Amino acid sequence: MFSWLGNDDRRRKDPEVFQTVSEGLKKLYKTKLLPLEEYYRFHEFHSPALEDADFDNKPMVLLVGQYSTGKTTFIRYLLEQDFPGMRIGPEPTTDSFIAVMQGDVEGIIPGNALVVDPKKPFRKLNAFGNAFLNRFVCAQLPNAVLESISVIDTPGILSGEKQRISRGYDFAAVLEWFAERVDRIILLFDAHKLDISDEFSEVIKALKNHEDKMRVVLNKADQIETQQLMRVYGALMWSLGKIVNTPEVIRVYIGSFWSHPLLIPDNRKLFEAEEQDLFRDIQSLPRNAALRKLNDLIKRARLAKVHAYIISSLKKEMPSVFGKDTKKKELVNNLAEIYGRIEREHQISPGDFPNLKRMQDQLQAQDFSKFQPLKNKLLEVVDDMLAHDIAQLMVLVRQEETQRPVQMVKGGAFEGTLQGPFGHGYGEGAGEGIDDAEWVVARDKPMYDEIFFTLSPVDGKITGANAKKEMVRSKLPNSVLGKIWKLADIDKDGMLDDEEFALANHLIKVKLEGHELPNELPAHLIPPSKRKISE
């Protein structure tokens, strides 16, 4: 039986024991927090009840930004492949919420089917109605990146006259629903078209209390000169400072997150460092997923407690027979004073209270006579959970981290980001089924050899640093050059001989001509002298 059925001394002698963090979170929520939420109708005011899928699902990344800031292109850049339903263009093209998730077969699952699938964490989105569900799909595909995380693409936020077009559902409320459940929120801005529309300001404000999850990307930064880039960065920080009220400056990553050559390569080193920082942050999400879910449960419990105090206070103030409507209006208008009284009586931080204006709007449609009085036992159970059970789970989080292998996002643009001259590793690179096929690079090799011998080869090989100096002339981004390096360095020694260098330059030429790079080298690209190594 659970400890809240006994006294506090017994509770401390017989703490809850959990096998896994996920199991512990589900059990604590259902037995200790959910009864409080249901008693005070928390779900009508704030957030629907959590389900098992909310605790079991992979880490999710939510992309938010105005149209044409590169959200969909950013996802394609990470995955290094197209996904079902993907559309890219200068005007608003993504008019739906697209959950990009791992699947054995490529395909699209429509919103109405998604919200009845108990294995997907989207069942409670049903509350936003058909206007939203007709604009919500899941794109499934097999991809190494999606084995560790899922990505949510969102409709472009409108600006100017376009803001007047009604979406038919509460866009900010949907984003807030996702914000509560995702592990990272990435706000994208276009460096050469920087403005924060009214709708974008509302969206950012709706993401309040989730600032710890937010990261900002100043995208397409290769399209403007250095001096202008500094001005744009300063303007963005100033604008964000007025909207995001945090004591710390929000982190802004600068770069161009796509696989095209850099238009203005002057700030290449800066873009490289920024991309590496952002990739490391995203790669860490699986490792920190349990801790994030634990933190979100704590935040939810604190809000549920405050909500209980607010509802019970309003109930206590209501007359039993006459003058209910008048008193209700008075209480709603004086809600700020009620907040202050609760804050003083229960020593609650002002940051734990729900938005005042929004709460007042929601209370207008409520029947205060149906509210419940204060029930201390329910609150004591939640206090006990926060004081003791959460501490037990924290220990278990650390144990799971030490027992499991290092969990990182792999594949796509993340492949080997910690090694090699481009910040990319070597891994597997050669293809199977090697035969006597002609080496297509041979025809251009004399031209590449001339460059090779200017790069100071030692014992017939050049270092990664020297190779990089030459390869960056292509202006291709690091993720692309890193993949080329991985393919070309066939013997995986971190250096290139003349054949490998010629192969690298051939792959650069292939990419610049608009073709996709192979995941493994086909036979006709492997130098004959390397074919035994690759088998």
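These figures come from a predicted structure and were not determined experimentally.

## Side note on the overall build of the chain
Here's step 1: Counting secondary structure elements, the chain contains 21 helices and 10 strands.
Here's step 2: A total of 535 residues make up the chain; the buried ones form 53% of that total.
Here's step 3: Long-range contacts, defined here as pairs at least 24 residues apart, represent 79% of the contacts in the chain between residues at least 6 apart.
Here's step 4: Accessible area of the chain: about 25200 Å², with a carbon and sulfur share of 51%.

## Details of the pattern of salt bridges
Here's step 1: Considering all chains together, one arrives at 39 salt bridges under this definition.
Here's step 2: The partner of Arg-41 in a salt bridge is Glu-44, with the nearest N and O atoms 3.2 Å apart.
Here's step 3: Assessed through its relative accessible area of 49%, Glu-44 is described here as partly exposed.
Here's step 4: Measuring nitrogen to oxygen at the nearest pair gives 2.7 Å for the salt bridge that ties Asp-498 to Lys-445. On the criterion of sequence distance, the pair formed by Asp-498 in helix α20 (residues 498–512) and Lys-445 in helix α17 (residues 445–452) is long-range, its members being 53 residues apart.
Here's step 5: Residue Asp-498 is classed as partly exposed on the basis of its relative accessible area, which comes to 24%.
Here's step 6: Through salt bridges with shared partners, a single network forms among Asp-183, Asp-212, Lys-213, Arg-292, Asp-296 and Lys-299.

## What about the packing of aromatic side chains?
Here's step 1: This model, assessed by the stated rule, comprises 22 aromatic pairs.
Here's step 2: For the pair Trp-177 and Phe-178, a centre-to-centre distance of 5.2 Å together with 85° between the ring planes defines the contact as edge-to-face.
Here's step 3: You can call Trp-177 buried: its relative accessible area is 4%.
Here's step 4: One cation-aromatic arrangement involves Arg-251 over Tyr-253; the distance from NZ or CZ to the ring centre is 4.1 Å.
Here's step 5: Across from the ring centre of Tyr-39, 5.1 Å away, lies the NZ or CZ of Lys-375, which sits over that ring.

## Brief notes about the sheet that holds strand β7 (residues 214–219)
The strands that make up a sheet are held in pairs by hydrogen bonds between backbone atoms, and each pair lies either parallel or antiparallel.
Here's step 1: One open sheet accounts for 8 strands, arranged β3-β4-β2-β5-β1-β6-β7-β8; its pairing is mixed. Each having just a single partner strand, β3 (107–110) and β8 (252–254) make up the two edges of the open sheet. Here the strands of the sheet are splayed against their neighbours by 25° on average, with no regard to which way each runs.
Here's step 2: Across 4 bridges, the pairing between β3 and strand β4 (residues 136–141) is antiparallel. In the strand pairing of β4, Gly-107 is matched with Gln-140.
Here's step 3: Relative to the sheet, helix α5 (residues 71–79) contacts β1 (60–65), β2 (97–102), β5 (150–153) and β6 (184–190), its axis offset from that of β1 by approximately 145°.

## Thoughts on the environment of Ile-108
Here's step 1: With respect to the secondary-structure elements, Ile-108 resides in strand β3.
Here's step 2: Overall, Ile-108 belongs to the partly exposed group, its relative accessible area being 45%.
Here's step 3: As a C-alpha pair, Ile-108 and Leu-141 span 33 residues in sequence and 9.0 Å in three-dimensional space.
Here's step 4: In contact with Ile-108, not counting residues within four places along its chain, are Pro-84, Gly-85, Val-137 and Cys-138.

## Notes on the pairing of β4
Here's step 1: Within β4, 6 of the 6 residues are buried, which leaves it mostly tucked inside the rest of the structure.
Here's step 2: Where burial is concerned, the two faces of β4 agree: the one with Phe-136, Cys-138 and Gln-140 and the one with Val-137, Ala-139 and Leu-141 are both buried.
Here's step 3: Sheet topology note: the β2/β4 ladder contains 6 bridges and is parallel. Residue pairing in the sheet places Ile-98 in a bridge with Val-137 of β4.

## Thoughts on the UniProt feature "domain: EF-hand" (unreviewed entry) in the chain
Here's step 1: If you check UniProt for "domain: EF-hand" (unreviewed entry), the listed places come out as residues 476–511 in our numbering.
Here's step 2: Structurally, residues 476–511 is divided into 69% helix and 8% strand, and its ends, taken at the C-alpha atoms, are 9 Å apart.

## Section: helix α13 (residues 324–333)
Here's step 1: When α13 is considered as a whole, its buried residues turn out to be Lys-328, Leu-331 and Val-332. Down the axis of α13, the smallest arc covering the buried residues is 95°, so these residues share one side. α13 presents Thr-326, Lys-329 and Asn-333 as exposed residues on the side facing more than 90 degrees away from its buried surface.
Here's step 2: Turning to α13, the residues buried within the fold contact α12 (285–317), α14 (335–346) and α15 (356–363).

## Brief notes about α12
Here's step 1: Taking 1.5 Å per residue, 33 residues should reach 48 Å; α12 reaches 46 Å between its end C-alpha atoms and fits that length.
Here's step 2: Approximately 30° is the largest bend angle found in α12, and it occurs at Leu-291.

## Remarks on the environment of Gln-140
Here's step 1: Mapped onto the fold, Gln-140 is located in strand β4.
Here's step 2: Sequence separation between Gln-140 and Pro-84 is 56 residues; the distance between their C-alpha atoms is 7.2 Å.
Here's step 3: In contact with Gln-140, other than residues within four places in its own chain, are Pro-84, Met-101, Gln-102, Gly-103, Val-105, Glu-106, Gly-107, Ile-109 and Lys-120.

## Observations concerning the packing of α17 against α20
Here's step 1: At a closest axis distance of 9 Å, the pairing of α17 and α20 adopts a crossing angle of 110°. Between α17 and α20, the crossing angle belongs to the class labelled roughly perpendicular. The handedness of the crossing between α17 and α20 is right-handed. Contacts from Lys-445, Tyr-448, Asp-449, Ile-451 and Phe-452 in α17 reach Asp-498, Glu-499, Phe-501, Ala-502, Asn-505, His-506 and Lys-509 in α20.

## Observations concerning the confidence of the model for the chain
Here's step 1: Here the chain shows a mean pLDDT of 84. Residues at 70 or above account for 88%.
Here's step 2: At the low end of the mean pLDDT range in the chain sits helix α1 (residues 8–13), at 45; at the high end sits β5, at 96.
Here's step 3: Within the model, the stretch residues 1–13 combines pLDDT values under 50 with 17 contacts to residues more than four positions away or in other chains.
Here's step 4: Scored below 50 in pLDDT, residues 160–164 shows 7 contacts in the model against residues more than four places distant or in partner chains.

Conventions we followed
Residues numbered from 1 in each chain as written. Predicted model: local features only at pLDDT ≥ 70, side-chain atom pairs only at ≥ 80, totals over all residues. Heavy atoms only, no water. Helix = DSSP H or I, 4+ residues; strand = E, 2+ residues; numbered from the N terminus. Buried < 20%, exposed > 50% of the residue type's maximum accessible area, 1.4 Å probe, protein only. Contact = heavy atoms within 4.5 Å. Areas by Shrake-Rupley, 256 points an atom, 1.4 Å probe, with all protein chains shown as cover. Salt bridge = Lys/Arg side-chain N within 4 Å of Asp/Glu carboxyl O. Phe/Tyr/Trp six-rings, centres within 6.5 Å; stacked < 30°, edge-to-face > 60°. Lys NZ or Arg CZ within 6 Å of the ring centre and 35° of its normal. Pairing = 2+ DSSP bridges. Axes fitted to C-alpha atoms, helices over the stretch in contact; angles between N-to-C directions. UniProt positions renumbered as here; feature names shortened; annotations may be inferred. Arc of directions from axis to C-beta. Expected span 1.5 Å × (residues − 1). Bend = angle between axes of the 7 residues up to and from the residue. Parallel < 35°, antiparallel > 145°, perpendicular 65-115°, else oblique. Left-handed = near helix turned anticlockwise from the far one by under 90°. pLDDT = per-residue confidence, 0-100.

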